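Survey of secondary and tertiary structure
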Amino acid sequence: MIKLLTVVCEAALETTLLRYLESLDARGYTVTDARGKGSRGRRDATWGPHANIRVEVLGTAETALAISAARAH
């Protein structure tokens, strides 16, 4: 069964995150700019390397669990 996992992070992490996802055999992903407001204030997707991205990942349940269990290096 294919699962969809959504990851929101700083745009500066995109290259590292995508390499990591591919190493976990993610079947596919989509990267989009993300903006919004949360406990840390408002984020604007046009704010250069400090912008946020949203990565939607397709993969197995095992892949989704491995991604969600990962810690920042």
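Residues numbered from 1 in each chain as written. Predicted model: local features only at pLDDT ≥ 70, side-chain atom pairs only at ≥ 80, totals over all residues. Heavy atoms only, no water.

Things to note about the pattern of salt bridges
Rules: Whenever a carboxyl oxygen of Asp or Glu lies within 4 Å of a side-chain nitrogen of Lys or Arg, that contact is scored as a salt bridge.
According to the stated counting rule, one finds one salt bridge in the structure shown. Ionic pairing is found between glutamate 56 and arginine 54, a salt bridge with its closest N-O pair at 3.8 Å.

A closer look at the sheet that holds strand E5 (residues 52–60)
Here is the rule: A strand pair is defined by DSSP finding two or more bridges across the two strands. Going along the chain from the N terminus, every DSSP run of H or I of four or more residues is numbered as a helix, and every run of E of two or more is numbered as a strand. Interaxial angle, 0 to 180 degrees, is taken between N-to-C directions of lines fitted to C-alpha atoms, where a helix line uses only the stretch in contact. Contacts: residue pairs with any heavy atoms within 4.5 Å of one another.
Strand order across the open sheet formed by three strands is E1-E5-E2, with antiparallel pairing between neighbours. Each edge of the sheet is formed by a strand with only one pairing partner; in this case those strands are strand E1 (2–10) and strand E2 (28–34). Between one strand and the next, the sheet's axes are offset by a mean angle of 20°, whatever the strand orientation. Examined bridge by bridge, E2 and E5 share seven bridges and lie antiparallel to one another. Bridge pairing links threonine 32 to arginine 54 in E5. Contacting E1 and E5, helix H2 (residues 61–69) crosses the sheet at an angle of about 145° to E5.

Topic: the side chain of threonine 63
This is how it is decided: Relative accessible area decides the class of each residue, using a 1.4 Å probe on protein chains only: under 20% of the type maximum gives buried, over 50% gives exposed, and in between gives partly exposed.
With respect to the element layout, threonine 63 can be found in helix H2. Accessibility expressed as a relative area gives 8% for threonine 63, which makes it buried. Excluding anything up to four places from it in sequence, threonine 63 contacts Leu24, Asp25 and Ala26.

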